[in-house]
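Secondary and tertiary structure notes
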Amino acid sequence: MRYLALLHTMSVSAITLYTNRMCPYAQRVAIALEHSGLQHDKVEVDLYGSKGFTKKDLKAVEAQAGLSPKGYIPVLSIDDETLRESTACVERVGALAPEKLAPGDAAAAAWAVAHC
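Presented here is an overview of the structure given in this document. (Residues numbered from 1 in each chain as written. Predicted model: local features only at pLDDT ≥ 70, side-chain atom pairs only at ≥ 80, totals over all residues. Heavy atoms only, no water.)

1. Structural notes on the pattern of salt bridges
The cut-off we apply is this: We define a salt bridge as a side-chain nitrogen of Lys or Arg found within 4 Å of a carboxyl oxygen belonging to Asp or Glu. A helix here means a DSSP run of H or I that spans at least four residues, while a strand means a run of E at least two residues long, and both kinds are numbered starting from the N terminus. Accessibility here uses a 1.4 Å probe with only protein chains present; expressed as a share of the type maximum, an area under 20% marks a residue as buried, one over 50% as exposed, and anything in between as partly exposed.
Per the stated rule, a full pass over the model turns up 4 salt bridges. Note that R21 is salt-bridged to E44, the shortest N-O span being 3.6 Å. In this pair, R21 is assigned in the loop between β1 (15-19) and α2 (24-36) and E44 in strand β2 (residues 41-46), connecting sequence segments 23 residues apart. The exposure class of E44 is partly exposed, given its relative accessible area of 33%. A salt bridge links R84 to E62; the shortest N-O distance between them is 2.6 Å. One end of the pair, R84, is in strand β5 (residues 81-84); the other, E62, is in helix α3 (residues 55-64), and 22 residues separate them in sequence. When its relative accessible area of 15% is taken as the criterion, R84 is described as buried. Among the residues examined, E62 registers a relative accessible area of 0% and is labelled buried.

Written out as structure tokens, the structure reads:
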């Protein structure tokens, strides 16, 4: 819990969600970000084509962050931290805005994470 409190007090200057509106895993991160009220940018990734921001571009973002480049979404960049996998992304957003996303009851919080 002390770690979560420390994360909450940290200032975040840039949040970017690399997403695709058709992906339910990316949608859950987008919903968490919208509900959190945190300022963020969304980059729509063209998963099957070659126009705009493509999987190749996403792999470059992942590689620059030290992740093995897979081109999977969602990818969430928070300042110099980059996360992949929707559960990790939602938990990180929750740590930044606990008053918006985390129920006060530990059992209710665990249920919400398991069912989100």
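2. Focus: α3
Here is the rule we go by: In this context, the arc is that of the directions from the helix axis out to the C-beta atoms. Residue contacts are defined here by distance: any two heavy atoms, one from each residue, within 4.5 Å place the two residues in contact.
Every buried residue of α3 is accounted for by L58, V61 and E62. What you see down the axis of α3 is that its buried residues fit within an arc of 95 degrees, all on one side. Exposed side of α3, more than 90 degrees from the buried face: K56 and Q64 are the residues found there. Where α3 is buried, its residues touch β1, β2, β3 (53-54), β4 (75-78) and β5.

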